[in-house]
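# Coordinates in review
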Amino acid sequence: MLLNASPDLRQQITENPALHPKIGLRHSPIVGAILSNGDIDHIAGLLSLRESQPLAIYAGNPVLEILQANRVFNVLDVQKVHRRELPFRRPISLRGPDDAPLGLEVEASPVPGKVPLYMESVTQRLGTSAGDTVGLRVTEIATGVSFYYVPGCSELSPALADWLRNAALVFFDGTLWRDDEMISSGTGAKTGQRMGHMSMSGGTGSIARLASLGIRRKIFIHINNTNPVLAEDSPERSAVQSAGWEIARDGMEINL
Ligand SMILES: [Zn+2]
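Residues numbered from 1 in each chain as written. Predicted model: local features only at pLDDT ≥ 70, side-chain atom pairs only at ≥ 80, totals over all residues. Heavy atoms only, no water.

The pairing of strand β3 (residues 55-59) with strand β4 (residues 81-85) spans five bridges and is classified as parallel. Among the inter-strand pairings, Ile 57 is bridged to a residue of β4, identified as Arg 83. Read from β3 through helix α3 (residues 61-69) to β4, the crossover connection turns out right-handed. (Pairing = 2+ DSSP bridges. Helix = DSSP H or I, 4+ residues; strand = E, 2+ residues; numbered from the N terminus. Right-handed = clockwise from strand over helix to strand, strands pointing away.)

This is the structure we're talking about:
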C-alpha cells in the first residue's frame, strides 16, 4: 500500500525489489495507495501505475473530487481501481482491490494546510483544516503497533498535537528549514507558510513544537532540495540530529 504516489514512482519501483512483480508478467505487489492531499507530487504517480491493474485508492473527499474532476485519471479503469473515501478521525480497515482485508487500519485526520496550487484559482482555502490535507495513522490490527505520516502541515494545531502525543513513530513535513528559505535562496517567491508547510527551525517550527509530545521516533520526510539538512556536514543537520530527529533517505527500511 503506497502512501501517496509521487511522479518518481516508476523510479521507486525500479529501485526497490519489494515492489517488483513476483508472479508472471502483469503482477505487482502494490495493491493501492492512500493519498494525503491532491498536490501533483502526491497524485501524479497514479498515472504511472498500470491502467487495468486492480488497485484500491483511499483519499478524503476533497481529493476524490479532484480525481473525479480531472478526467485524465479516468485512465485508471473504475471497474478495477476502486476509489474509497477516507472518513476523518475514524479508523477504517484497509482492504485490497479484491476486498480482502490487509490487516491494517488507517485513520485520517485533517491537518492545517491548503488546497493544491492548481486549485487556488478555484478556491482560496489556505491555512484551513478543511481536509484538503490530512495526516494518516496506520495501525497493524493484530499488534496495535502504529505510525503517523504527515508529509504536509502548515501549523501544529492543538488537535494535531493531541493526536500525535506519545506516538511510537512520526514521519513529518520536513520541506523547509526556514520559512523564507525559497526567497532567500532565489528559488521561489513564497514563504513556507504560504505553501502550506511549517519549517523545521524557529520557535513555531516542528523541532520545537513536537519536542514535548513524548514521540519515541521522529523522521523528517518530504524534504525540499533547498533544505540545508540534506547536506550531511551542515550545522543544520547536526542541529536536527541533536534534537532527536532523523532525516529520511531513499530505501530506508523501518521495523516497528
Ligand atoms: Zn508534497
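Protein-derived coordination of the zinc ion comes from Asp 41 (OD), Asp 41 (OD), His 42 (NE2) and His 222 (NE2), at a distance range of 2.0 to 2.7 Å. For the zinc ion, the four donor atoms in the first shell make angles of 53 to 156° at the metal, a pattern classed as irregular. Read in sequence order, the donor residues for the zinc ion give the motif D-H-x179-H. Taking the relative accessible area as the measure of exposure, Asp 41 reaches 31% and is therefore partly exposed. (Donors = N, O, S within 2.8 Å, 3.2 Å for Na, K, Ca; no water. Tetrahedral: all angles 85-135°; square planar, octahedral: opposite > 155°, others 65-115°. Buried < 20%, exposed > 50% of the residue type's maximum accessible area, 1.4 Å probe, protein only.)

Within the span of α3, buried status applies to Pro 62, Val 63, Leu 64, Ile 66 and Leu 67. The inward-facing, buried residues of α3 contact β2 (32-35), α2 (40-43), β3 and β4. (Contact = heavy atoms within 4.5 Å.)

What follows concerns the nonpolar core. In terms of nonpolar packing, the biggest core is built from 24 residues, with Leu 156, Leu 164, Phe 172, Met 200, Leu 210, Phe 220 and Val 240 touching the most fellow members. When residues of this core are traced back to their parent elements, those giving at least two are β10 (146-150), α4 (158-164), β11 (170-173) and β13 (245-247). When residues in this core are grouped by element, the largest group, four residues, is from α4. Dropping the residues within four chain positions of it, Leu 210 is found in contact with Leu 156, Leu 164, Phe 172, Ile 215, Lys 218 and Trp 245. Membership of the second largest hydrophobic core comes to 19 residues, among which are Ile 43, Leu 49, Ile 57 and Leu 76. (Core = buried A, V, L, I, M, F, W, Y, C linked by side-chain atoms within 4.5 Å.)

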